[in-house]
Amino acid sequence: MIPAALDPKRTVRATAMAPVPYTVFDHRRETRDTVTLTLLPSGREAVPPFAPGQFTMLSVAGIGEIPVSVSGDADRRDGRIVQTIRAVGAVSAALCGAEAGRRIGVRGPFGKGWCLPAAGGDLLVVAGGIGLAPLRPLVLAALARRDRFRGFHLLVGARTHADLLYPYLIDAWARRGDMTVAATLDRPADTWDGRVGLITGPLEETAIAPERTTAFLCGPEIMIRVCAGALVERGVPAESIQVSLERNMQCGVGWCGHCQLGPYLLCRQGPVRRWDHVADLLDVEEL
Amino acid sequence: MNRPTLAVWKFTSCDGCQLTLLDCEDELLAVAEAVEIRHFPEATRKDLPGPFDVSLVEGSISTPREVERIKRIREESGLLVAIGACATSGGIQALRNFADLREFQRIVYPHPEFLASLEHVTPIATHVDVDYELRGCPIDKRQLVGLLSALLKGRRPDLPKGSVCNDCKRRGVTCLLVEGREPCLGPITQAGCGAICPSYGRGCYGCFGPSGSTRPEALIPVLRGAGLDDPGIVRMLRTYNAAAPQTAAVSTELEGAGDDA
Amino acid sequence: MLFDHPPPEVIDRAGLDQLVKLLRADGYTVIGPTVRGDAIVLAELANGADLPDGIGVDTDAGRYRLRRRGDRAVFNHSAGPQSWKQFVHPPRQRLDGPETVHRYAFLGTRPCDLAALAVLDGVLGAAPHPDERYLARRDEIFVVAVNCVEPGSTCFCASMGIGPKADRGYDLVLTERTGHEHRFLISAGSVAGEEMMDRLSHRRASGGEIAAGLQALDDAADSMGRTMPEVDLRGLLVRARRSDHWEEVANRCLACANCTMVCPTCFCTTVEDTTDLEGDHAERWQRWGSCFDPDFSFVHGGPVRETVGSRYRQWMSHKLSTWYDQFGTSGCVGCGRCIAWCPAGIDLTAEAAALAEKEEAP
C-alpha cells in the first residue's frame with residue numbers, strides 16, 4: 001500500500017541555487033581596485049541572455065557569492081558575459097584576482113533592468129563611480145538604437161582620476177558627436193584638466209527638455225537621491241527617472257529576504273526601479 | 001608552495017583557549033599540515049621567528065610588559081585574531097576593573113611592591129588593531145576550525161553577530177526564560193557556541209560576550225521577572241565579559257542605582 | 001459555520017493511535033505534539049502514546065507554562081515553541097547538493113499553521129523560481145489537521161480571518177471532544193484522506209455530536225485571547241514608517257530574533273560557505289536568518305538597518321503590510337508564537353493597537 005512516490009531515497013536539488021560553471025576568458029584591470037572579467041561557459045550549459053541593468057550572482061568556490069551587475073553588450077548574444085567588479089570584500093577580491101582560465105560560478109541573470117523609453121525622447125545617464133558598470137549595457141543599447149532618440153547626455157562622476165571607470169569608453173563616446181559626455185572628479189588631479197566637483201554641477205548645466213527626458217541613475221545612494229531630486233525639481237516626471245539600487249542580495253530569486261526595501265524584494269523587482277516607486281522609501285531612514 | 005605561518009600567543013589567561021586548538025583531535029593533523037606552526041608554547045618547544053601570516057592571541061593585557069609585547073606581535077603578524085573572552089573583553093580578571101586593585105594585591109601578595117600591574121585589564125583591541133575575534137570562555141572548536149579554514153582559503157570567516165537565541169531556535173531548544181526555568185543571558189549574548197548551556201537546561205552565562213545588537217538594559221526587567229534581584233543581575237552580568245563596554249555600562253548603572261537606594 | 005460534506009465520522013482515542021500506526025506503516029515519519037522538558041514540541045511520534053495526555057498550556061506575553069488538565073485532551077494546547085516550518089524549510093540545509101526528501105505526516109496541525117504552510121507555499125513554492133526542495137517536501141506531507149476548540153491567551157487567528165476551523169490544506173481534519181467520552185470528529189479533505197478513513201475504525205457521528213462540535217468551534221472563535229485591531233493593517237504600517245513608536249518599542253526589544261525564529265512564516269535565510277582545512281572540498285549551506293541580525297541588511301559600508309527600532313519596524317511591517325506587496329497575502333496568521341516566545345513579552349497585537357491609536361490621536 002506504499003505509493004510509488006514514497007521512494008525513501010528520493011533526493012532533490014535547488015536548481016535556482018546551482019551556479020553554472022564559467023571560465024575567465026579575459027581579465028582586464030580597469031582601476032586600482034576594479035577589474036572587468038569576460039566569462040565563457042566552461043561546458044555546454046550557459047545562463048540565459050541578460051537585459052541591461054540585470055545582475056548575476058558570481059561565485060568562487062569556497063569563498064562565496066556576490067551580486068554583480070552585467071556590464072557587457074546585451075545585443076551581442078555570443079554567450080560571453082562581461083562583468084566589472086570592484087574589490088571591496090573577500091569574494092569581490094577573489095573575483096578581481098581571477099586570471100584567465102579560472103573557474104567562476106554564474107547564476108542569473110536576475111531582476112528588472114533599465115527600460116528604454118519609446119522613440120522620440122531624450123536620454124540622460126548619470127553614473128557615479130562603479131555605477132557606470134551597470135549603465136554601460138544601457139548606453140550600448142541606446143547607441144545601437146541611436147536614431148530612435150533625440151538628445152543623449154552622459155554624466156560621469158568619480159572620486160579621483162584613478163577611480164574613473166572606462167576612461168577609454170568615455171573618450172570614445174565623447175568623440176562620437178551624437179551624444180554629450182561630461183566627466184567630473186571629486187578631487188582635483190595633475191593628470192586631469194577636466195571638471196572638478198560633484199556631479200550635481202554638470203547635471204545643473206546640462207540642457208534638457210524635462211518633459212521628454214528619461215533619466216537613468218546609478219551610483220552611491222546619496223548621489224541618486226540628490227540627482228533624482230534635482231531632476232524632479234527641473235520638471236522631469238518622477239516616473240521618467242530610473243534608478244538602480246543596492247541591497248544585500250544573496251539568493252537572487254526572492255527566497256532569502258535580505259534585499260527588501262519596503263514593499264520590494266529588490267532582487268526580483270529591482271535593482272532598477274522608477275523614482276516614483278522608491279522616492280518615499282529612500283526618504284525614510286534605515287527602511 | 002610555502003605554507004602559511006601560524007603563531008599562538010598567550011597573555012593574561014588560563015590557556016584554555018589555546019587548549020581548544022589542541023582539542024581539535026580530528027582536525028589537528030590537518031591544521032598542522034595546512035599551516036606551519038612557528039610559535040605555540042602550549043604545544044611545542046619550537047620557537048621560530050616571524051613574520052607570521054596569522055597570529056592567534058589569547059589573554060588580556062594586564063601588565064605594562066604585555067602592552068609592549070602585543071605591539072611587537074602586531075607588527076610581525078599579517079592577520080591578528082583575538083581568541084577568547086580574555087582577549088576580546090578582558091575576561092574574568094577584568095572583574096578587578098570594578099574593584100580596588102591595591103586592596104587585592106595587599107591581600108594576596110606578601111610584597112605587592114614587586115608587582116607591575118596596569119590599573120585596568122583591557123582586551124587586545126584596546127592596544128592594537130584586531131582583524132577577527134573568536135568569542136567564548138573557552139572559544140568554540142568549530143568556530144576555530146571554521147576561522148582557520150576560511151583564512152586559508154581567503155574567505156571572510158562566518159562569525160554571526162546575532163544572539164544565542166538564534167542557535168537555540170535552529171536546534172530546537174526551547175526558551176528557558178519563557179518557560180520560567182532559569183535566568184538566561186542568551187538574548188543579549190553573541191551566538192557561536194551552538195547554545196550548549198541552554199541545550200542542557202542551563203541558562204546562558206554570557207561567555208561569548210555581547211551580541212552585535214546586544215540590549216542588556218532590555219533584559220533587566222526580564223531577569224527581575226525570572227526572580228533575580230538587582231545585585232543578582234549585576235553578578236550575572238559580571239562574569240566572563242564583565243568589562244565589555246555595553247554590559248559594564250548597564251551593570252555599573254544598576255549597581256549605582258542600588259547604592260543610591 | 002458548517003462542516004464539510006460528507007458529515008464527519010467519529011474515532012476514539014484508540015482510533016487516533018491506529019492512525020499513527022497506519023501512517024508509520026505507510027512509510028511516513030509521523031510528526032506531532034509531544035511533551036519534552038517543559039514544553040510541547042513537535043517531534044517524531046513512535047506511537048499515539050507519545051502525544052500529550054491531558055497536558056495543557058498557560059501562555060501570555062513572554063510566558064509559557066505546562067499545566068495538567070482535568071481531562072485527557074491531546075491537542076488542547078496552543079502557541080508551542082516550534083512550528084511546522086522546521087520540517088518543510090529546515091533550519092540548516094545544503095544549497096549545492098542533493099537533499100533527501102523526508103516523508104512526513106503532520107499530526108495536529110492547527111488552522112493557523114495550515115495557513116502558515118499556505119503562506120510559505122506562496123513564498124518558496126511560487127513561480128518563477130520555486131524552491132524544488134521545499135516543493136518536494138511539501139508534496140509528500142500527509143496533513144492531519146486539528147480544529148482549534150481551545151485557543152490560548154496569545155491566539156488571535158480569528159482576527160486575521162483564519163481559524164479556529166480548518167477549511168483547506170489537509171488530508172484529514174479532527175475536532176477533539178473531551179468530557180464523558182474522549183473522541184474525535186474526523187473528516188477527509190483529500191482522496192488520500194478518504195483512503196485513510198476507510199482503513200480506520202470509525203463510526204457515524206450523531207447529530208448531537210456534530211452540533212456540539214460546531215458549537216465548540218463557534219465558542220472558540222469568540223474566546224481568542226487576543227485580537228488584532230480592526231483597522232487596515234497594511235495601510236497603517238505604511239503610514240507608520242516615521243512613527244516615534246519604533247524607538248519606544250526598541251527600548252523594550254532585545255533584538256534577539258526569537259520572534260522571527262518561532263514565526264511559522266518567517267522564511268529568511270543566510271548563506272554560509274565552508275571548506276575543509278585542505279581547501280579542496282567546498283560546501284554552501286543555507287540557515288535560518290533573521291532581520292534582527294546586525295548583518296542581515298549589510299551592504300558595502302555597513303548595515304542598512306543599524307538601529308533596533310528600524311529592525312522591529314522591518315519585521316512588523318513585513319508581516320502585516322509589505323508581505324501583501326511581495327506575496328499577495330498577510331505574513332501573519334495569528335498563531336501568537338511571537339508574543340508568547342518573546343522573552344521581553346512584546347505583543348504584536350498591542351503594538352499594532354498602539355500604532356493605530358497614535359494615528360488617531362497624534
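Treat the numbers as computed from the prediction; the structure is a model and nothing was measured.

Colleague: Sorry if this is basic, but what is going on with the nonpolar core here?
Modeller: In globular proteins that are soluble, nonpolar side chains generally tend to be buried together. Within the largest apolar cluster, 261 residues are counted, with the highest numbers of intra-cluster contacts made by Val125(A), Val57(B) and Ala105(C). Val125(A) has contacts with Leu135(A), Leu138(A), Val139(A), His153(A), Leu154(A), Leu155(A) and Phe216(A), leaving out every residue within four places of it along the chain.

Colleague: Just checking my understanding: could you explain the UniProt feature "domain: FAD-binding FR-type" (unreviewed entry) in chain A for this structure?
Modeller: The positions UniProt marks with the feature "domain: FAD-binding FR-type" (unreviewed entry) are residues 17-116 of chain A. Within residues 17-116 of chain A, the helical portion is 7% and the strand portion 46%, while the C-alpha atoms at the span's ends are 30 Å from each other.

Colleague: How do you make sense of the domain arrangement of chain A when you look at a structure like this?
Modeller: Note: interface size is frequently given as the accessible area lost on complex formation between the parts. Residue and element names in this part refer to chain A. As assigned here, chain A comprises domain 1 (18-110) and domain 2 (122-244). Each side of the interface is counted separately: domain 1 has 15 residues, and domain 2 has 14 residues. For the side of domain 1 that touches domain 2, the secondary structure elements donating two or more residues are strand 2 (20-31) and strand 6 (81-86). Partitioning the side of domain 1 that touches domain 2 into residue classes produces three nonpolar, seven polar and five charged.

Colleague: Which parts of the structure should I look at to understand the environment of Arg38(B)?
Modeller: All names here are of chain B. Checked against the element boundaries, Arg38 lands in strand 2 (residues 36-39). According to the C-beta neighbour criterion, Arg38 is buried, with 20 such atoms within 10 Å. In the structure, Arg38 is positioned 18 residues away from Thr20 in sequence and 18 Å away in space, judged by C-alpha atoms. Arg38 has contacts with Thr5, Leu6, Ala7, Leu48 and Phe52, leaving out every residue within four places of it along the chain.

Colleague: Sorry if this is basic, but what is going on with the sheet that holds strand 10 (residues 180-185) of chain A here?
Modeller: Across a sheet, paired strands are connected by hydrogen bonds in the backbone, their directions being either parallel or antiparallel. Residues and elements named next belong to chain A. Strand order across the open sheet formed by seven strands is 11-10-9-8-12-13-16, with mixed pairing between neighbours. For this open sheet the edge positions go to strand 11 (195-196) and strand 16 (272-274), each flanked by a neighbour on one side alone. Pairing geometry for strand 8 (residues 122-128) and strand 12 (residues 213-218), over six bridges, is parallel. Bridging across to strand 12, Asp122 finds its partner in Thr213. Contacts from helix 2 (residues 132-144) reach strand 8, strand 9 (152-158), strand 12 and strand 13 (241-244), with the element oriented near 160 degrees to strand 8.

Colleague: Would you take a moment to explain the sheet that holds strand 7 (residues 103-110) of chain A for this structure?
Modeller: Residue and element names in this part refer to chain A. Judged by pairing direction, the sheet is antiparallel, and its six strands sit side by side in the order 5-4-7-2-3-6 without closing on themselves. Of all the strands in the sheet, just strand 5 (64-69) and strand 6 have a single pairing partner and so form its edges. On average, adjacent strands in this sheet sit at an angle of 40 degrees to one another, irrespective of strand direction. Sheet analysis places strand 4 (residues 55-60) next to strand 5, joined by six bridges and oriented antiparallel. Paired with Ser59 across the strands is Glu65, a residue of strand 5.

Colleague: Teacher, can you tell me more about the confidence of the model for chain A here?
Modeller: The predicted coordinates of low-pLDDT regions are not to be read in fine detail. Taken as a whole, chain A shows an average pLDDT of 94; of its residues, 97% reach a score of 70 or greater. Segment residues 1-5 of chain A: pLDDT under 50, and four contacts once partners within four positions in sequence are set aside and those in other chains are kept.

Colleague: Just checking my understanding: could you explain the interface of chain C and chain B for this structure?
Modeller: Contacts between the two partners involve 43 residues from chain C, matched on the other side by 37 residues from chain B. At the level of secondary structure, the elements contributing two or more residues to the side of chain C that touches chain B comprise strand 3 (39-44), strand 5 (63-68), helix 8 (245-252), helix 9 (258-262), strand 13 (269-275) and strand 14 (282-288) of chain C. Examining the composition of the side of chain C that touches chain B, we find that four residues originate from one element, strand 13 of chain C, more than from any other.

Colleague: Help me understand the UniProt feature "binding site: [2Fe-2S] cluster" (unreviewed entry) in chain A, please; the structure alone is not making it clear to me.
Modeller: All names here are of chain A. In the numbering used here, UniProt assigns the "binding site: [2Fe-2S] cluster" (unreviewed entry) feature to Cys251, Cys256, Cys259 and Cys267. Across 17 residues in sequence, these annotated residues keep their C-alpha atoms within 9.9 Å of one another, forming a single compact spot. Considering the arrangement of structural elements, one finds Cys267 in helix 6 (residues 266-269). Ignoring sequence-local partners within four residues, the contact set of Cys267 consists of Phe110, Gly111, Met249, Cys251, Gly252, Val253, Gly254 and Cys259.

Colleague: Can you help me understand helix 2 of chain A in this one?
Modeller: Because the α-helix completes a turn every 3.6 residues, residues three or four places apart line up on one side. Here helix 2 of chain A spans 18 Å end to end across 13 residues, near enough to the 18 Å set by a 1.5 Å rise per residue. Turning to helix 2 of chain A, its buried residues are Leu132(A), Ala133(A), Pro134(A), Leu135(A), Arg136(A), Pro137(A), Leu138(A), Val139(A) and Ala142(A).

Colleague: What am I meant to see in the pairing of strand 9 (residues 142-146) of chain C here?
Modeller: Residues and elements named next belong to chain C. Extensive coverage of strand 9 is indicated by the burial of five of its five residues. A two-sided burial pattern is seen for strand 9, the buried positions comprising Phe142, Val144 and Val146 on one face and Val143 and Ala145 on the other. In the sheet, strand 8 (residues 104-109) pairs with strand 9 via four bridges, with the strands oriented parallel. Residue Thr109 lies in a different strand from strand 9, and its bridge partner there is Ala145. Here three bridges tie strand 9 to strand 10 (residues 172-177), and the two strands are oriented parallel to one another.

Colleague: Please explain the interface of chain C and chain A as it appears in this structure.
Modeller: Each partner contributes to the interface: chain C provides 42 residues, whereas chain A provides 37 residues. Looking at the side of chain C that touches chain A, the elements that each hand over two or more residues are strand 7 (99-100), helix 4 (132-140), strand 13, strand 15 (298-299) and helix 10 (308-327) of chain C. Taken together, the residues of the side of chain C that touches chain A sort by class into 13 nonpolar, 15 polar and 14 charged. Note that strand 1 (residues 11-12) of chain A and strand 7 of chain C share two bridges and pair antiparallel. Bridging from a neighbouring strand, Thr11(A) pairs with Thr100(C) of strand 7 of chain C.

Colleague: Looking at this model, I keep getting lost on the pairing of strand 1 (residues 5-10) of chain B. Mind explaining?
Modeller: A regular strand places its side chains on the two faces of the sheet in alternate fashion. Residues and elements named next belong to chain B. In terms of burial, strand 1 is a largely internal element, five of the six residues being buried. Across three bridges, the pairing between strand 1 and strand 2 is parallel. Considered in strand 2, the bridge of Thr5 is made with Glu36. Taken together, the five bridges between strand 1 and strand 3 (residues 52-58) define a ladder with parallel strand orientation. Following the sheet pairing, Val8 is matched in strand 3 by Leu56.

Colleague: Explain unusual backbone geometry to me, please; I cannot follow it from the model alone.
Modeller: In the segment running from Gly50(B) into Pro51(B), the intervening peptide bond is cis, with an omega of 0 degrees. Inspection of the secondary structure assignment puts Pro51(B) in the loop between strand 2 and strand 3. With an omega dihedral of 0 degrees, the bond running from Cys137(B) to Pro138(B) counts as a cis peptide bond. Positionally, Pro138(B) belongs in the loop between strand 5 (132-134) and helix 6 (141-153). Non-glycine residue Tyr166(A) carries a positive phi angle of around 50 degrees. Residue placement: Tyr166(A) occurs in the loop between strand 9 and helix 3 (167-176). The buried category is assigned to Tyr166(A), around which 22 C-beta atoms lie within 10 Å. In this model, Ala257(C) sits at a positive phi of 80 degrees, which is unusual for a non-glycine residue. Of note, Ala257(C) is situated in the loop between helix 8 and helix 9.

Definitions and limits used
The residue numbering used here restarts from 1 in each chain and proceeds along that chain's sequence as written. Key to labels: chains lettered from A, ligands numbered from 1, both in the order written. Selection of residues for local features in this predicted model requires a pLDDT of at least 70, selection of side-chain atom pairs for listing and counting requires 80 or more, and totals for whole chains, interfaces and linings are taken over all residues. Joining buried Ala, Val, Leu, Ile, Met, Phe, Trp, Tyr and Cys residues through C-beta atoms within 7 Å gives a set, and that set is a nonpolar core. To assign burial, the other C-beta atoms lying within 10 Å of each residue's own C-beta are counted, with C-beta atoms placed from the backbone; 20 or more indicates buried, 12 or fewer indicates exposed, and intermediate counts indicate partly exposed. Our contact criterion uses C-beta atoms placed from the backbone: two residues qualify when those atoms are within 7 Å. UniProt positions are given in the numbering used here, feature names are shortened, and annotations may be inferred rather than shown by experiment. Strands are runs of DSSP state E lasting at least 2 residues, helices are runs of H or I lasting at least 4, and numbering of each runs from the N terminus. The split of the chain into domains comes from an automatic or database domain assignment. Three residue categories are used. Nonpolar comprises Ala, Val, Leu, Ile, Met, Phe, Trp, Tyr, Cys and Pro, charged comprises Asp, Glu, Lys and Arg, and polar comprises the others, including Gly. Between any two strands, pairing holds if DSSP finds at least two bridges. Axis geometry follows a simple rule: fit a line to the C-alpha atoms, using only the stretch in contact for helices, then measure angles between N-to-C directions, giving values from 0 to 180 degrees. As a per-residue quantity, pLDDT reports the predictor's confidence and falls between 0 and 100. Given a helix with a known number of residues, its expected span is that number minus one, times 1.5 Å.

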